[in-house]
Amino acid sequence: MTETRRSFIKKALTFSTYPLASSLGWLAPFSVFAKWQAENFKQGPLEDTLKHLFKDQKITDSKDIAIKIPTIAENGAVVPITVSSTLPDVRTVSILVAKNPVPLAARFELSPELDPFISARLKMAETSEVIVITETGSGLYSARQLVKVTIGGCGG
Amino acid sequence: MSSIKIRAKRIDDKTQIRMLITHPMETGRNKDPKTNQLIPAHHIQELTLSHNGKVIVNCQMGASISKDPYFAFMLKGGEPGDKIKIEWLDNLANKDSEEHVLK
């Protein structure tokens, strides 16, 4: 009798605390993500975005990141970009357009099953530098390329 | 019809996965020429790509990605029959997903 009662209490406890713990675990990352979105995709100068993204970590220029992007873009609404890298252990790739109202275009978290190779299409408001920052196991590396835009992509 | 088109191509021992998503990607700064009112922001915020159920790319993006976004990734390996799943979520909480089986 006591045996079953004890096991019943045990079960009751585990079942009641489990959903609580999992729901807490679920809610926390979601609100963190929402805050992250709001801070990094905020309008403002490039420096602020970089500060939010990478705090005060040192960013080294690297020749091992290749950016393939037209140097003169006729239409800023669609600028194809291809980023590839020979750096080992690439974890995230961030693409920023320096003079866009929201500088951060996209940030990719890549798993080791993928090659550090990304193609995308950007919008560019005006002639500006496109900056690619990769986060690797040994620090941050960046590469940049100036793109001239003859027709802007944001606003008519 | 799904808003996502997926194409996969085998290149040597790698698989190139390309996707085209139909989405307006409004920045919130464009004006409607007829009414002269601002068009509210409407863009994809999150994109995830999974390979046989395991998330391999997690992408956060803003409105600086062009209308009808196109992305391409390079997967090491990839066997025929492997499942590639792509999901997106936008700022108005719309979402869509599409699955593709490698040939």
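Residues numbered from 1 in each chain as written. Chains lettered and ligands numbered in written order. Predicted model: local features only at pLDDT ≥ 70, side-chain atom pairs only at ≥ 80, totals over all residues.

### Focus: the overall build of chain A
Moving on, step 1. In terms of regular secondary structure, chain A is built from two helices and nine strands.
Moving on, step 2. Written out in order from the N terminus, the α and β elements of chain A read α-α-β-β-β-β-β-β-β-β-β.
Moving on, step 3. Across the 156 residues of chain A, 28% fall into the buried class. (Helix = DSSP H or I, 4+ residues; strand = E, 2+ residues; numbered from the N terminus. Buried ≥ 20, exposed ≤ 12 C-beta atoms within 10 Å, placed from the backbone.)

### Focus: the confidence of the model for chain A
Residue and element names in this part refer to chain A.
Moving on, step 1. Per-residue pLDDT for chain A has a mean of 80; in total, 74% of the residues score no lower than 70.
Moving on, step 2. For chain A, per-element mean pLDDT is lowest for helix H1 (residues 2–40), which scores 59, and highest for strand E4 (residues 79–85), which scores 93.
Moving on, step 3. Confidence drops under pLDDT 50 across residues 20–27; counting only partners more than four residues distant or on other chains, this segment forms zero contacts. (pLDDT = per-residue confidence, 0-100. Contact = placed C-beta atoms within 7 Å.)

### What about the interface of chain A and chain B?
Moving on, step 1. Listed by partner, the interface residues are 29 residues for chain A and 26 residues for chain B.
Moving on, step 2. Within the residue set of the side of chain A that touches chain B, elements represented by two or more residues are strand E6 (104–110) and strand E7 (114–122) of chain A.
Moving on, step 3. Here the side of chain A that touches chain B gets eight residues from one element, more than from any other, and that element is E7(A).
Moving on, step 4. A class-by-class count of the residues in the side of chain A that touches chain B yields 17 nonpolar, six polar and six charged.
Moving on, step 5. Two strands pair when backbone bridges link them, and E6(A) and strand E4 (residues 54–61) of chain B are joined in this way by five bridges, in the antiparallel orientation. In the sheet register, Arg107(A) faces E4(B), and the bridge partner there is Gln60(B). (Nonpolar A, V, L, I, M, F, W, Y, C, P; charged D, E, K, R; others polar. Pairing = 2+ DSSP bridges.)

### Things to note about helix H2 (residues 46–54) of chain A
In an α-helix there are 3.6 residues to a turn, and that puts residues three or four apart on one side.
Residue and element names in this part refer to chain A.
Moving on, step 1. By the burial criterion, the buried members of H2 are Thr 49, Leu 50 and Leu 53. Buried residues of H2, seen end-on, are gathered within an arc of 100° and therefore sit on one face of the element. Residues of H2 that are exposed and point over 90 degrees away from its buried face: Glu 47 and Lys 51.
Moving on, step 2. Phi turns positive, to about 55°, at Lys 55, one or two residues after H2. (Arc of directions from axis to C-beta.)

### Focus: the nonpolar core
Moving on, step 1. Ile95(A) and Ala105(A) are the most contacted members of the largest nonpolar core, which totals 50 residues.
Moving on, step 2. In this view, Ile95(A) contacts Ile81(A), Val83(A), Ala105(A), Ala106(A), Ala120(A), Val130(A) and Val132(A); residues no more than four positions away in its chain are not counted. (Core = buried A, V, L, I, M, F, W, Y, C linked by C-beta atoms within 7 Å.)

### Thoughts on the pairing of strand E8 (residues 128–136) of chain A
Note on strand geometry: in a regular strand, side chains alternate between the two faces of the sheet.
Residues and elements named next belong to chain A.
Moving on, step 1. When strand E5 (residues 90–97) meets E8, the two strands line up antiparallel, connected through seven bridges. Each residue of the ladder has a partner; that of Val 93, found in E8, is Thr 134.
Moving on, step 2. When E8 meets strand E9 (residues 139–151), the two strands line up antiparallel, connected through nine bridges. Within the sheet, the bridge partner assigned to Glu 129 lies in E9 and is Leu 146.
Moving on, step 3. In textbook terms, the turn of a hairpin is the stretch between consecutive antiparallel strands, and for E8 and E9 this stretch comprises two residues.

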